[in-house]
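Chains, contacts and geometry: an overview
Here is how the chains run, residue by residue.
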Amino acid sequence: RDAPTAREQLSHRRPGRGRRRARTAASNDDDANIKAENTAEDVTTTELGGNVRQLLGFKGAAETDDVWKIRVQLTKPGTWVPLIWGVMCGAAASGHYEWNLDNVGKALLCMTMSGPFLTGYTQTINDWYDREIDAINEPYRPIPSGLISENEVKAQIAVLLVGGWLCALQLDRWCEHDFPIVLALSLFGSYISYIYSAPPLKLKAEGWKGCYALGSSYIALPWWAGMATFGQLTPDVMFLTVLYSIAGLGIAIVNDFKSIEGDRKLGLQSLPVAFGVEKAKWITVSTIDITQLFVACYLRAIGEETYSNVLFCLIFPQIFFQFKFFLPDPIKNDVKYQASAQPFLVFGLLTTGLAWGHHINALGM
């Protein structure tokens, strides 16, 4: 028999091809159904996550018209944690903290001053003076989106600021300080917060100055407040914490990568804008790592070898996460890097505080 024509070949193949098409269509329908189910789950997860982010003041927050939720969002409760932790480190470094009701009350008041009141003030005033940048980078935020009025924002700033000062004054009275050291620290910190965000100084637009001001506010100031509450604030520990604040400078730079576009448009010289992403990311990790390594060596030099070894062990995971997340893409992975590495940094702070407290007790101070 002659070979089949091309038309006959096609006619013989069509049934199989039709079945394959039917199977493919059915498979596509199944995939679509699975994707739809997954999407529904993702939406639910996103809504839940958005509500949590809204309360914590983080990026990706859900929208709300509840003015009290908006007020809380402006204070960014998620950023209170480092300040509260810093108070704990200062209390540990004093060498005189004992677990009793009186000391717990003082610690809670100091944490309330440092976190909800003065950090809340700092974050609110920063959002107010950043409203033009946020209109570019994060237009959905409460102030640029118009969810809260100008008078409401200004009233919140005043209440938080005065509330923080009153907490500080009460701590000085409670601790029977001859000089109101905690109030003085709160006044100084409030001033730094103002010039960090507000013109004409606006330190955050000055690259190194702004990042260091932010880093020292998160590390040195709450440490000093905690130490002054339970012991004596001395120049040597002040120097140590100012040095440690260089690591805080690096953490502050991490937050600048996500704002490159808005900073460039408004002429703000953040380090990623001034040096470029490639150089800035290496400056960031260098300030974080070298500072902690120096502190670890310093602890070893004053005889606190055990604490020094613990600090070394807490530094290496940070370096690992820098190479895994931050250095490959600091803009995309900034949040992931901070969530992975910062717990080790803050436990390093506590380790240093405990080491200093042990050193003070060993010297009989």
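See the structure shown above.
A brief structural summary. If you're wondering where the values come from, they're calculated on a predicted model, not measured in any experiment. Starting from 1, residues in each chain are numbered consecutively following that chain's sequence as written. Local features in a predicted model are, by the rule used here, given only for residues with pLDDT of at least 70; side-chain atom pairs are given and counted only at 80 or more, and totals for whole chains, interfaces and linings are based on all residues. The basis for the side-chain values is all heavy atoms of the structure; hydrogens and waters are excluded.

Focus on the overall build of the protein chain
Of regular secondary structure, the protein chain possesses 13 helices and zero strands. Burial here depends on accessible area, computed with a 1.4 Å probe over protein chains only, as a share of the maximum for the residue type. Under 20% is buried, over 50% is exposed, and the range in between is partly exposed. Residue burial in the protein chain is summarised as follows: out of 365 residues, 49% are buried. For the protein chain, long-range pairs separated by at least 24 residues make up 69% of all intrachain contacts whose partners lie at least 6 apart in sequence. Areas reported as accessible are Shrake-Rupley estimates using a 1.4 Å probe. Residue values count occlusion only from the protein chains shown. If you sum the accessible surface of the protein chain, you get close to 18,900 Å²; carbon and sulfur atoms cover 62% of it. To qualify as a helix, a DSSP run of H or I must reach at least 4 residues; to qualify as a strand, a run of E must reach at least 2; elements of each kind are numbered from the N terminus. Only heavy atoms matter for contacts: two residues are in contact if any of them lie within 4.5 Å across the pair.

Considering unusual backbone geometry
For the bond running from Pro199 to Pro200, omega is 10°, close enough to zero to count as cis. With respect to the helices, strands and loops of the structure, Pro200 is situated in the loop between helix 7 (181–197) and helix 8 (208–230). Of note in this structure, Lys76 is not a glycine but carries a positive phi near 50°. We classify Lys76 as buried; its relative accessible area is 12%. Even without being glycine, Lys202 reaches a positive phi, approximately 40°. Position of Lys202 relative to the elements: it lies in the loop between helix 7 and helix 8. Overall, Lys202 belongs to the buried group, its relative accessible area being 14%.

Details of the pattern of salt bridges
Should a side-chain nitrogen of Lys or Arg be within 4 Å of a carboxyl oxygen of Asp or Glu, the pair is scored as a salt bridge. If you walk through the whole model with that rule in mind, you get nine salt bridges. Lys76 is the salt-bridge partner of Asp127, the closest N and O atoms lying 2.7 Å from each other. Taken together, the positions of Asp127 in helix 4 (residues 101–129) and Lys76 in the loop between helix 2 (67–75) and helix 3 (80–94) put the pair 51 residues apart, joining distant regions of the chain. For the residue pair Asp127 and Lys76, the accessibility class agrees, reading buried in each case. Notably, a salt bridge pairs Lys265 with Glu261, separated by 3.3 Å at the nearest N-O pair. Of this pair, Lys265 and Glu261 are both found in helix 10 (residues 260–265), four residues apart, which corresponds to roughly one turn of the helix. For Lys265, a relative accessible area of 56% corresponds to the exposed category. A cluster of three or more residues bridged by salt bridges with shared partners is formed by Lys76, Asp127, Asp134 and Arg141.

Side note on the environment of Thr229
Looking at the secondary structure, you find Thr229 in helix 8. C-alpha separation for the pair Thr229 and Tyr97, spaced 132 residues apart in sequence, amounts to 9.5 Å. Every residue in contact with Thr229, bar those within four places of it in the chain, is listed here: Lys106, Cys110, Leu171, Cys175, His177 and Val182. A distance of 2.7 Å separates a polar side-chain atom of Thr229 from the backbone oxygen of Ala225. Polar contacts here mean pairs of N or O atoms no more than 3.5 Å apart (in protein, one a potential hydrogen donor and the other a potential acceptor; neighbouring residues in sequence count only if both atoms are side-chain atoms).

What to know about the packing of helix 3 against helix 8
In this description, a line fitted to the C-alpha atoms serves as the axis of each element, helices being fitted only across the stretch in contact, and the angle between N-to-C directions of two axes falls anywhere from 0 to 180 degrees. For the pair helix 3 and helix 8, the least separation of the axes is 6 Å and the interaxial angle reads 45°. Here helix 3 lies oblique to helix 8, going by the angle between them. Crossing geometry of helix 3 relative to helix 8 is assigned as right-handed. Between helix 3 and helix 8, the residues in contact are Pro82, Leu83, Gly86, Val87, Cys89, Gly90, Ala91, Ala93 and Ser94 and Ser217, Tyr218, Pro222, Trp223, Gly226, Met227 and Phe230, respectively. Here the angle decides the label: under 35 degrees means roughly parallel, over 145 means roughly antiparallel, 65 to 115 means roughly perpendicular, and every other value means oblique. The crossing is said to be left-handed when, going from far helix to near helix, the turn is anticlockwise and less than a right angle, and right-handed when the turn is clockwise.

A short note on helix 6 (residues 150–175)
End to end, helix 6 covers 38 Å across 26 residues, agreeing with the expected 38 Å (1.5 Å per residue, within 8%). Listed in full, the buried residues belonging to helix 6 are Val153, Gln156, Ile157, Leu160, Leu161, Gly163, Gly164, Cys167, Ala168, Leu171, Asp172 and Cys175. Against the buried residues of helix 6 lie helix 2, helix 4, helix 7 and helix 8. Immediately downstream of helix 6, the backbone of Glu176 shows phi near 55°, a positive value. What a helix should span is 1.5 Å times the count of its residues minus one.

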